[in-house]
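# Fold and contact review
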Amino acid sequence: MIWVAVIGDWFNLIFKWILFGHRPYWWVQETMFYPNQSSPCLEQFPITCETGPGSPSGHAMGSSCVWYVMVTAALSYTVGWKDKDKSAVTLHRLTWSFLWSIFWIIQISVCISRVFIATHFPHQVILGVFAGMLVAEAFEHTPAIQTASLRMYIKINLFLFIFALGFYLVLKLLDIDLLWSVPKAKKWCANPDWINIDTTPFAGLVRNLGALFGLGLGINSEMFITSCKGKNGCKISFRILCIAASLATLQLYNFVKIPAHTEYLFYILSFCKSAAMPVTVVALVPYCVHLFMRTTEKKLN
Ligand SMILES: O=P(O)(O)OC[C@H]1O[C@@H](O)[C@H](O)[C@@H](O)[C@@H]1O
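Residues numbered from 1 in each chain as written. Predicted model: local features only at pLDDT ≥ 70, side-chain atom pairs only at ≥ 80, totals over all residues. Heavy atoms only, no water.

In the nomenclature of an unreviewed UniProt entry, the chain corresponds to glucose-6-phosphatase from the organism Dromaius novaehollandiae. Listed in UniProt under the heading Subcellular location (unreviewed entry), the comment for the chain reads: "Endoplasmic reticulum membrane". The annotation that UniProt attaches to the chain under Pathway (unreviewed entry) is "Carbohydrate biosynthesis; gluconeogenesis." (UniProt positions renumbered as here; feature names shortened; annotations may be inferred.)

## Quick look at the UniProt feature "domain: Phosphatidic acid phosphatase type 2/haloperoxidase" (unreviewed entry) in the chain
UniProt annotation of "domain: Phosphatidic acid phosphatase type 2/haloperoxidase" (unreviewed entry) refers to residues 1–140 when read in the numbering used here. For residues 1–140, helix accounts for 67% and strand for 0%, while the C-alpha atoms at its two ends are 11 Å apart. (Helix = DSSP H or I, 4+ residues; strand = E, 2+ residues; numbered from the N terminus.)

## A few points about the environment of Ile-47
Relative to the elements of secondary structure, Ile-47 occurs in the loop between helix H2 (24–30) and helix H3 (58–76). In this structure the C-alpha to C-alpha distance between Ile-47 and Phe-130, which are 83 residues apart in sequence, comes to 23 Å. Contact partners of Ile-47, with chain neighbours within four places excluded, come to Ile-117 and Thr-119. (Contact = heavy atoms within 4.5 Å.)

## Digging into the nonpolar core
Ranked by size, the top nonpolar core spans 49 residues in total, and within it Trp-3, Trp-17, Phe-139, Leu-160 and Leu-205 carry the most contacts. Leave out the neighbours within four places in its chain, and Phe-139 touches Trp-3, Val-4, Ile-7 and Ile-145. With seven residues, the next largest nonpolar core counts Cys-49, Trp-180, Ala-185 and Cys-189 among its residues. (Core = buried A, V, L, I, M, F, W, Y, C linked by side-chain atoms within 4.5 Å. Buried < 20%, exposed > 50% of the residue type's maximum accessible area, 1.4 Å probe, protein only.)

## Some points on the side chain of His-290
Mapping His-290 onto the fold places it in helix H11 (residues 263–300). On the basis of relative accessible area, His-290 is assigned to the buried category, the value being 10%. For His-290, the residues in contact, after removing those within four places along its chain, are Thr-226, Ser-227, Asn-232 and Phe-238.

## Brief notes about the state of the cysteines
Tallied over the entire structure, the rule returns one disulfide. Here Cys-111 is not cross-linked by a disulfide; its sulfur's nearest cysteine counterpart is in Cys-65, at 13 Å. Taking relative accessible area as the criterion, Cys-111 reaches 12% and is therefore assigned buried. (Disulfide = S-S within 2.5 Å.)

## A look at the site of the ligand
The ligand sits among 14 residues. The nearest are Asp-9, Lys-16, Gly-58, Arg-114 and Arg-207. The side chain of Lys-16 places a nitrogen or oxygen atom 2.7 Å from an oxygen atom of the ligand. Arg-207 places a side-chain nitrogen or oxygen 2.8 Å from an oxygen atom of the ligand. Summarising the interface, the protein chains cover 89% of the accessible area of the ligand, which totals 400 Å² for the free molecule. Only helix H1 (2–19), H3 and helix H8 (201–219) provide two or more residues apiece to the shell around the ligand. Take the shell around the ligand: its biggest share by element is three residues, from H1. Class assignment of the residues belonging to the shell around the ligand gives a composition of no nonpolar, seven polar and seven charged. (Near = heavy atom within 4 Å. Polar contact = N/O pair within 3.5 Å; in protein donor to acceptor, adjacent residues only side chain to side chain. Areas by Shrake-Rupley, 256 points an atom, 1.4 Å probe, with all protein chains shown as cover. Nonpolar A, V, L, I, M, F, W, Y, C, P; charged D, E, K, R; others polar.)

## Observations concerning the packing of H8 against H11
Remark: H8 packs on H11, axes separated minimally by 7 Å, with the N-to-C direction vectors making an angle of 35 degrees. In this structure, H8 crosses over H11, and the sense of that crossing is right-handed. Of the residues assigned to the contact of H8 with H11, the class counts are 17 nonpolar, five polar and one charged. (Axes fitted to C-alpha atoms, helices over the stretch in contact; angles between N-to-C directions. Left-handed = near helix turned anticlockwise from the far one by under 90°.)

## Concerning the UniProt feature "transmembrane region" (unreviewed entry) in the chain
The feature "transmembrane region" (unreviewed entry), as given by UniProt, occupies residues 60–81, 93–117, 123–140, 152–171, 205–224, 236–253 and 265–289 in the numbering adopted here. As a span, residues 93–117 carries 96% helix and 0% strand, and end to end its C-alpha atoms are 36 Å apart. Across residues 236–253, the secondary structure splits into 100% helix and 0% strand, with the terminal C-alpha atoms separated by 26 Å.

## Focus: the pattern of salt bridges
According to the stated counting rule, one finds four salt bridges in the structure shown. Between Lys-235 and Glu-297 there is a salt bridge; the shortest N-O distance is 3.2 Å. One end of the pair, Lys-235, is in the loop between helix H9 (222–227) and helix H10 (236–253); the other, Glu-297, is in helix H11, with 62 residues separating them in the sequence. You can call Lys-235 partly exposed: its relative accessible area is 29%. The exposure class assigned to Glu-297 is partly exposed, which follows from its relative accessible area of 29%. Within the structure, one salt-bridge network assembled from shared partners comprises Lys-231, Lys-235 and Glu-297. (Salt bridge = Lys/Arg side-chain N within 4 Å of Asp/Glu carboxyl O.)

See below:
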């Protein structure tokens, strides 16, 4: 899921840079489409003022790729039922319909909400949903990510970073500023406090690189191997404890607010925070749970 989310969001950035999509909340103010100043008044909300280009929608793309992975993963458990008796086939069909209905309800809700708050035109969210599904489908056929070494994670991180930065710099040399949307957002946002550095194209890139690096670090750590790959790894109790402890620990990260006054410091700290989260979930928490279970088992014996 993290792979799909990161690579999907990276593609979203590149598509946004190529497609130069406007967002409704600034487009209505600048367009000559409406004669005699009859342009509609679009209400803005605290989450309206996204600073990146609008096409395709990053939220729609992120949501569809992650949910696609979850639904197809869940359905892979029910594939075997197709060859069993009639009731198993019916159950498989019901599960299939139920999960895909949930998938589409979520995607449609995300799309409607993005259009409603005036950050997207309908075609941008539709494009986002289908692009996300395409990325997720591509990963279904890339089993190599399951066994990637830390070196591989670092190489892919470097490639994603250098490609995006190189693309930006080359176009800058050609006098094309890919950050053209930021001044538009600042100009037309109804409330300057709603402009968030978090939403700039490079902030998203740094967050994604951090998450992927953290995942590589966690999965290739001794802590992960001892805990999740050890004898406790398959136990339901171990997994439930890990889920509960991870969810609780991740809440703590919400309290860590990164200072946004210096841009470079913000990017560095944002990278570190994004890397720390998967390390916590993949390595730190399972290792602590493993130690806890081992100690408890010893005491009971
Ligand atoms: O394109 P949307 O739906 O407005 O989403 C914008 C978001 O897109 C994501 O891809 C970025 O990582 C975020 O930084 C950004 O805020």
